[in-house]
Amino acid sequence: IDNSKIVGAGGSITETIFFLNFQKNLVARDLTSNFPRKALDLPSIGYVRNLSSEGLLSLSPTLILGEGDIGPSNVVEQVKKTSVDFRIIPDDYTSGGIIKKVSCVGNILGANSEQIENKISKLNKTAKILNNLASNPNLKKVKVMLVLMMRGTSPIVAGSGTSGSGFIKMIGAINALPKLEGWKPVSLESIRVSNPDYIIITSRDFKPFGNSQKFLIQTGLINTNAGKKGNLIIEDGMALLGFGPRTIETAIKVNKEITNQYESVQK
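Reference entry: report on the structure contained in this document. This is a predicted model, so every value here is computed, not measured. (Residues numbered from 1 in each chain as written. Predicted model: local features only at pLDDT ≥ 70, side-chain atom pairs only at ≥ 80, totals over all residues. Heavy atoms only, no water.)

The next subject is the overall build of the protein. Looking only at helices and strands, the protein features 12 helices and 10 strands. Over its C-alpha trace the protein gives a radius of gyration of 20 Å, about what one expects of a compact globule, namely 18 Å for 267 residues. By principal-axis analysis of the C-alpha atoms, the protein measures approximately 60 × 40 × 30 Å. Taking all 267 residues of the protein together, 52% fall into the buried category. For the protein, the share of sequence-separated contacts (at least 6 apart) that also reach a separation of at least 24 residues comes to 59%. Surface exposure of the protein reaches about 12500 Å², of which carbon and sulfur atoms provide 52%. Across the protein, the mean location of the 32 positive side-chain charges is 5 Å away from that of the 22 negative side-chain charges. (Helix = DSSP H or I, 4+ residues; strand = E, 2+ residues; numbered from the N terminus. Rg over C-alpha atoms; globule rule 2.2 N^0.38 Å. Buried < 20%, exposed > 50% of the residue type's maximum accessible area, 1.4 Å probe, protein only. Contact = heavy atoms within 4.5 Å. Areas by Shrake-Rupley, 256 points an atom, 1.4 Å probe, with all protein chains shown as cover. Lys, Arg positive; Asp, Glu negative; His and termini not counted. Charge placed at Lys NZ, Arg CZ, Asp CG, Glu CD.)

Okay, the packing of aromatic side chains next. This structure, assessed with the given rule, holds 3 aromatic pairs. Grouping aromatic residues by their ring pairs yields a cluster made of Phe206, Phe209 and Phe215. Just above the ring of phenylalanine 22 sits the side chain of lysine 24; from NZ or CZ to the centre is 5.6 Å. If you follow arginine 246 out to its NZ or CZ, it ends over the ring of phenylalanine 35, 3.8 Å from the centre. (Phe/Tyr/Trp six-rings, centres within 6.5 Å; stacked < 30°, edge-to-face > 60°. Lys NZ or Arg CZ within 6 Å of the ring centre and 35° of its normal.)

Turning to helix 3 (residues 73-80), its buried residues are Val75, Val76 and Val79. Buried residues of helix 3, seen end-on, are gathered within an arc of 100° and therefore sit on one face of the element. Against the buried residues of helix 3 lie helix 2 (53-57), strand 3 (63-67) and strand 4 (85-89). (Arc of directions from axis to C-beta.)

The first and last C-alpha atoms of helix 5 (residues 113-134) sit 30 Å apart over 22 residues, in line with the 32 Å expected at 1.5 Å per residue. Within helix 5, burial applies to Ile116, Lys119, Ile120, Leu123, Thr126, Ala127, Leu130 and Ala134. Buried residues of helix 5, seen end-on, are gathered within an arc of 125° and therefore sit on one face of the element. What points out from helix 5, more than 90 degrees from its buried face, is the exposed set Glu114, Glu117, Lys122, Lys125, Lys128 and Asn132. (Expected span 1.5 Å × (residues − 1).)

Here the focus is the pattern of salt bridges. Evaluated as defined, the whole model comprises 9 salt bridges. A salt bridge links arginine 204 to aspartate 205; the shortest N-O distance between them is 3.7 Å. With relative accessibility at 16%, the residue aspartate 205 sits in the buried group. With a shortest N-O distance of 3.5 Å, aspartate 236 and arginine 246 are connected by a salt bridge. Here the residue aspartate 236 occupies a position in the loop between strand 10 (232-235) and helix 11 (237-241), and arginine 246 occupies one in helix 12 (residues 246-266), the gap between them amounting to 10 residues. The network of salt bridges with shared partners includes Glu15, Asp236 and Arg246. (Salt bridge = Lys/Arg side-chain N within 4 Å of Asp/Glu carboxyl O.)

A few words now on unusual backbone geometry. Trans is the common state for peptide bonds, and a negative phi is the common state for residues other than glycine. Along the chain, phenylalanine 35 connects to proline 36 via a cis peptide bond; the corresponding omega equals -10°. Among the structural elements, proline 36 can be located in the loop between strand 2 (26-29) and helix 2. Looking along the chain, the bond that leaves glycine 71 and enters proline 72 is cis, with omega of 0°. Mapped onto the elements, proline 72 comes out in the loop between strand 3 and helix 3. Although it is not a glycine, serine 60 adopts a positive phi angle of roughly 45°. For serine 60, the position within the fold is in the loop between helix 2 and strand 3.

Attention now goes to the environment of glycine 66. Here glycine 66 is to be found in strand 3. Considering only alpha carbons, one finds glycine 66 and leucine 221, 155 residues apart in sequence, at a separation of 36 Å. Not counting the four nearest positions on each side in its chain, glycine 66 is found in contact with Ala9, Ile13, Arg87, Ile88 and Ile89.

What follows is about the sheet that holds strand 3. Pairing in this open sheet of 4 strands is parallel, and the strands run 2-1-3-4 from one edge to the other. Strand pairing shows two members of the sheet lacking a second neighbour, strand 2 and strand 4, which therefore form its edges. Between one strand and the next, the sheet's axes are offset by a mean angle of 20°, whatever the strand orientation. As paired elements, strand 1 (residues 6-9) and strand 3 share 4 bridges and run parallel to each other. By the bridge assignment, glycine 8 is partnered in strand 3 with leucine 65. (Pairing = 2+ DSSP bridges. Axes fitted to C-alpha atoms, helices over the stretch in contact; angles between N-to-C directions.)

What follows is the structure, encoded as structure tokens:
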């Protein structure tokens, strides 16, 4: 495989390329590739789900690595017909899925096996810590709602099959809206009925509100269990939902935040 000019289409792919120390071979990134900061120095090909073949091919890449949701499909088909090596790495929203992704990208890039092993053993250690924390039986009673963004007054919330739902499972808690499928806007009425104990929101969509109290009042979420107790967790969207190497660390951080608070209330 000629990996001399790589285009990374998807934040977790770009992050993994940096994680494996192949960033010098990257010639472009998509708009979701905002970590590490150095990635922002690269030219952008647009948004991973809405790319154009011109954008993808403009820098004459020798290899395009994309996430599972790369699109639109007609552009993917066009690019597949060219002579450029084009690989799509499927997503599996678990710690094991992240580790598999690193191994898969490492093999495609031709990283030596010792280099891949070192990186994977680090991730395995972190995943083991997370799994131990997530097995805390108290967490099975904690309902979490993960908000991707606000659309007017309706939050767009993680239902089953999403990276958000995978993240909630990873920390050992339960999704407050288990019957929901995909990312969907949810009415305040449904949220009050499901009554989450914690609300997680991406920092980008929290920003316009300025502070937690304003966010909870203006969205009406103040009337939930989470709102009454101020149980709001604000986290970088790609760290939470990208399922690149740092998502495992982020899950540990969020898990500890919930557990420490929950246990101090129970005492």
